[in-house]
Amino acid sequence: MGTFHQDKGELHGITVVVDTVGSEIYVGRCDVMTEERILLHDADVHREGEGGRSKEEYLERAAQLGTWKKFDQLEIPAEVIASVRRLGDL
Amino acid sequence: MPYSPLIVNPMKAELTSIGFLELLTPEDVDTFMSQKQGSALLVINSVCGCAAGQARPGVHLALQSANRPDRLVTVFAGQDVEATKQARSYFEDIPPSSPSIALFKDGDLVYFIPRHRIESRSADEVAEDLTSAFDRYFASTPAS
């Protein structure tokens, strides 16, 4: 038993990794993904090389125990998105 | 703002009806955590249908295991806010997420399943993960 919002798409409520064509990579709980954007809740962002860690090294740690949120909500425009994956699949 | 009891109570009952003790206050949490001996399972329950819908039945299935933990406790994120905050203070290096599941042995955190490792899985897969952890951490050592 739980709350469901099936009109928001299959990734609604799922923790996703949004990689970009730039240096940023995001992890957050997907609210909605459209052709124009993806809206994340409780999102974290990492920039390539930040803290001495590559995107891959950041994701390795995120996949184990999760991430600390930096933003309550974050909107990422589709034109900068390279891929969207479930964190749980990594 | 806490959820309506009409929403939350059936979700709590899914765990309390199978033997979980609810920790409703920070004091309840501290009392539980001060009793270190043996094995324990803490479920941070939540209303989230995307993940808690698999977590609760997954936990139920896993508890059929021979190596199930001695003590079963739960807090409800977003409802019993202070108790949840206090529970998380015992593993504060782990980012908060709910639902999530923590295993303790003699007071030490030995295994943790965060939300993102529940939301993409079926109840059977959650149970398999937990059962494997029970076997790894809680199996009795045969007398030599």
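What you are looking at is a predicted structure, and each value in this text was computed from that prediction instead of being measured.

**Let's talk about the sheet that holds strand β2 (residues 39–45) of chain B**
Item 1. Across the sheet, five strands lie side by side as β1-β3-β2-β4-β5 (chain B); this open sheet has mixed pairing. Of all strands in the sheet, those bounded by a partner on one side alone are β1 (21–22) and β5 (108–113) of chain B.

**Here we look at the confidence of the model for chain B**
Residue and element names in this part refer to chain B.
Item 1. Scored by pLDDT, chain B comes out at a mean of 93, with 95% of its residues at no less than 70.
Item 2. When mean pLDDT is taken per element in chain B, β1 scores highest with 98 and helix α3 (residues 52–62) scores lowest with 91.
Item 3. For this predicted complex, the interface confidence reaches an ipTM of 0.86, while the overall pTM sits at 0.90.

**Points about the pairing of β5(B)**
Residues and elements named next belong to chain B.
Item 1. The pairing of strand β4 (residues 100–105) with β5 spans five bridges and is classified as antiparallel. Residue pairing across strands places F104 opposite L109, the latter belonging to β5.
Item 2. Adjacent in sequence and paired antiparallel, β4 and β5 are bridged by two residues, among which D106 carries a positive phi angle near 50°.

**So, unusual backbone geometry**
Item 1. Here the bond from B:S98 into B:P99 is cis, since omega is 0°, no more than 30 degrees from zero.
Item 2. Positioned with a positive phi, A:D42 is a non-glycine residue whose angle comes to about 50°.
Item 3. Within the secondary structure layout, A:D42 lies in strand β3 (residues 37–47).
Item 4. Exposure remark for A:D42: the relative accessible area of 31% places this residue in the partly exposed category.
Item 5. For B:D106, which is not glycine, the phi dihedral falls at a positive 50°.
Item 6. Relative to the helices and strands, B:D106 is located in the loop between β4 and β5.
Item 7. Since its relative accessible area comes to 42%, B:D106 is described here as partly exposed.

Procedures and definitions
- Residue positions are given per chain, counted from 1 along the sequence in the order it is written.
- Here the convention is simple: chains get letters from A, ligands get numbers from 1, in the order in which they are written.
- Only residues with pLDDT of 70 or above have their local features reported here, since the model is predicted, and side-chain atom pairs are shown and tallied only from 80 upward, although totals for entire chains, interfaces and linings are computed over all residues.
- Side-chain figures throughout are based on the complete set of non-hydrogen atoms in the structure, without hydrogens or water.
- Paired strands, as defined in this entry, are two strands with at least two bridges between them according to DSSP.
- Each helix is a run of DSSP H or I of at least 4 residues and each strand a run of E of at least 2, with the numbering of both proceeding from the N terminus.
- Within a predicted model, pLDDT stands for the predictor's per-residue confidence, ranging from 0 to 100.
- Burial classification: accessible surface area is computed with a 1.4 Å probe over protein chains only, and a residue below 20% of its type maximum counts as buried, one above 50% as exposed, and the rest as partly exposed.

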